[in-house]
Each structure stands twice: as C-alpha cells, then as structure tokens.
Amino acid sequence: MAAVRDLYEILGIDRDAPPSEIKAAYRKLARTLHPDVNADPADQERFKEITGAYEILSDPAKRRRYDEFGAAGPQGAPFGDIQDIFDMFFGGGFGGRSRGPRSRVRRGEDLRIRVRLTFPGSVFGVEQRLEIERLAVCERCGGNGARPGTSAVTCRTCGGAGEVQAVRRSIFGTVMTATPCVACGGTGEEIPDPCEGCGGDGRVPTTATVTFDVPAGVLEGMDLRVGGEGNAGVSGGSAGDLIVGIEVEPSDAFVRQGQDLHGVLDVSITQATLGGEVDVETLDGPERLRIESGTESGTVLRLKGKGVPHLQRRGRGDLFVTLHIVTPRDLSKEERTLLQRFAEIRDAGAGGNGAAPRALRRPEYRP
Ligand SMILES: [Zn+2]
Ligand SMILES: [Zn+2]
C-alpha cells in the first residue's frame, strides 16, 4: 500500500506556511483541476484531494488537530488513505465515499470433513466417494429467499441505504458514523414474505455425494481443497470449497519417512550364514531380495523406487529393509545336536570353562 500523502504535500506547501500561502496554493491548483475545466477522472480525484486538504488546513482548529496527529492517525492507528483523513474531519460527508448497501451476493461457506485412508491408499492415491451434508440452492424460490410470486422490498429500517447514521463525539469533534443496518444485514432489502422451503435463506440442507481424487503421496494431517463442493452461495454467489482433512491408517509393515519406507525383515541364522534369496511383500507386490552369505544383523538393503511417490514431482522414494537375524529359541533335539557339532568344528569349546578370557573391542559409535 502506498503511503498516505501528507496534506501539505498535496498542496505543495511547507508545514509552517501562513494562511495566505495556503489559499494561494489552493487557488493555483484549483484553477487547472476544477471539474468545470478538466474532465479527466484522475484530475477530478486530485481536485477532491486538494479541496479536502485546503478545507482542513485553512481552518486553524482543524489544522492544529491534523498537525497533532499527522498521517499517523489518532491512537497511532495509521490512516489507510487520504479518504480516511477526510472521513475523520468531515464524518464521511466529504468526497462522497458512499459505500451504499452491501450486496446480498455471498460466497458459500467452506465445509470441513475428515477421511481415513488405508496406508497403500495414501501412497498411491485413491478415489473417494463420500456423502456429505451441505446447503444447496433452494429450488422453490431459486435462491432469492422470497415466496414465489413475491420479492424483496426496500428495508424499512434504513430506507435501503444498508447502514444507519449516528452522531459520535471524538477527539476531532462531532463525527458522523455509519454502522451496517441490523434489520437487513446491510443489504438494504428485506423479504416480507419468506419462501416456505428455505425460510428466506435461499438455501436448504441436503445430502450430496461428492467424488474426488486423493493424490498419491499424501500425509496424515494434510488438507485437500475440493473446489466448489462446499455450501452453495447466497443470491447467486459461488459455492464454498470442501476441505478434506487426511488421516492415514498405520501400516503393520512400513514406517514412512518423507518419501522413503522402512521395514524390518526377519532372517534365519542359516540364511544369514549361507546366503540365499528371499521374496518380500512390498506395496508393489513381491520383490526378490538377495541375502549375501555372512550377512550381519542390522544390514540395510535398499529397494530403489519402491517408496512413496512425490506429491508435486515425478519419481518415488526408496524402500529400506533392515535385516534382523533371528536366534532360534525352540531347538529340537536333532537341531541342538547339529549345532553342537558345528560349534565343535568351528572353535572347540569357545567360551567354555577353562578357556582364556576374551578381549572386548571398541564399539563403532556413529557421529
Ligand atoms: Zn436495513
Ligand atoms: Zn426458498
């Protein structure tokens, strides 16, 4: 927003200009800008400005009050524009800022719902089909709120102005203020004979089926905006939007981190020791994983592009599989015998009685 022009600046004079100079400056400007000699709308606006500035600065009391507050406005609240300054001094009676009645046309309200998606639904996107309660245009009156055959009339309280004038005392003296008319909500019209279908609102509650696509890659807590699926507007106003809050069911198999997925795969000691191939369930179906022989617990395998699609751009994250080597607890007699045999071959009596104490090694701390 442009800074409010100073009244002295408008007339092109110094702050300490004597009254004679103010008058002379105004006359000089008025001669070229007067509506009788100049039809340019921009110049007419300028003429209004210099006249307003002159009327304030040529009145010693008003000039003093203006100097006191300047463009900072009373109570430090800045004036929005030059018209605000004029309103303060002339009570809205200068320059004709007549707001007039407020239009009845109003945009419909936004509505908010929540949907709960399955985990795969949030990853790949899903079409939603929901029944919602919302306000629709009343078919009986076509939305104008008047009983068919009747129409709205001029408001009797405000006479159609949409606002009620009141006199108020302020630091600038007596000021006329205008407040919106309560009887007609500022529209200047009232409906003497309301429509029976909607009670005069022009809208009626309905149940509607709404279909929309949830894009791939949405997250818990996101809001989607479905345009035009909220409440109908008033008097031909556009409909509001439907705001869809996203909830996602947690997955038993995956944790999502950004666009990547993380899961844990249990691997037997023999698979980890001997190596081999294993099929795992991903969101894209089974994938074959190669387990190298001698794999340690905690090894992370990466399946490129098997994560979550990006919302705004192409490509997908990765799936990271952490291998967890399971130590068996439920050995059969035969298995126990075999493992004992293995231990004997591998390192006879490791850790048993009589063996030398074993050295520790430094752990590898990660930064
Ligand atoms: Zn009214
Ligand atoms: Zn109606």
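For the structure itself, look to the data block above.
Parameters and conventions
- Residues numbered from 1 in each chain as written.
- Chains lettered and ligands numbered in written order.
- Predicted model: local features only at pLDDT ≥ 70, side-chain atom pairs only at ≥ 80, totals over all residues.
- Helix = DSSP H or I, 4+ residues; strand = E, 2+ residues; numbered from the N terminus.
- Buried ≥ 20, exposed ≤ 12 C-beta atoms within 10 Å, placed from the backbone.
- Axes fitted to C-alpha atoms, helices over the stretch in contact; angles between N-to-C directions.
- Parallel < 35°, antiparallel > 145°, perpendicular 65-115°, else oblique.
- Left-handed = near helix turned anticlockwise from the far one by under 90°.
- Contact = placed C-beta atoms within 7 Å.
- Nonpolar A, V, L, I, M, F, W, Y, C, P; charged D, E, K, R; others polar.
- Core = buried A, V, L, I, M, F, W, Y, C linked by C-beta atoms within 7 Å.
- Pairing = 2+ DSSP bridges.

**A word on the overall build of the protein**
Link 1 in the chain: From N to C terminus, the protein includes 8 helices and 15 strands.
Link 2 in the chain: Expressed as a percentage of the 367 residues in the protein, the buried residues total 23%.

**Let's talk about the packing of helix α2 (residues 19-33) against helix α3 (residues 41-57)**
Link 1 in the chain: Remark: α2 packs on α3, axes separated minimally by 10 Å, with the N-to-C direction vectors making an angle of 160°. As far as their axial angle goes, α3 and α2 are roughly antiparallel. For the pair α2 and α3, the sense of crossing is left-handed. When α2 is examined against α3, the residues I22, Y26, L29, A30 and L33 are found in contact with a partner set consisting of D43, R46, F47, I50, Y54 and L57.
Link 2 in the chain: For the contact of α2 with α3, a count of residues per class yields 9 nonpolar, no polar and 2 charged.

**A look at unusual backbone geometry**
Link 1 in the chain: Even without glycine at this site, S235 takes up a positive phi of about 50°.
Link 2 in the chain: Tracing the backbone shows S235 in the loop between β8 (223-226) and β9 (242-248).
Link 3 in the chain: Taking the C-beta count within 10 Å as the criterion, S235 has 18 such neighbours and is therefore assigned partly exposed.

**Quick notes on the nonpolar core**
Link 1 in the chain: Counting residues in hydrophobic clusters, the biggest one holds 15 residues, and the most contacted among them are L7, L11, I50 and A53.
Link 2 in the chain: When near neighbours in sequence (up to four residues on either side) are disregarded, I50 contacts I10, L11, Y26, L29, A30 and L33.
Link 3 in the chain: With 10 residues, the next largest nonpolar core counts L261, V267, V308 and V321 among its residues.

**Quick look at the sheet that holds β9**
Link 1 in the chain: Taking strand neighbours across the sheet as the criterion, the 3 strands line up as β1-β9-β8 in an open arrangement whose pairing is mixed. Among the strands making up the open sheet, the edge pair consists of β1 (111-117) and β8. Going across the sheet, the axis of each strand differs from the next one's by a mean of 30°, ignoring polarity.
Link 2 in the chain: By the bridge criterion, 7 bridges tie β1 to β9 in an arrangement that is parallel. Opposite I113, over in β9, you have V244 as the bridge partner.

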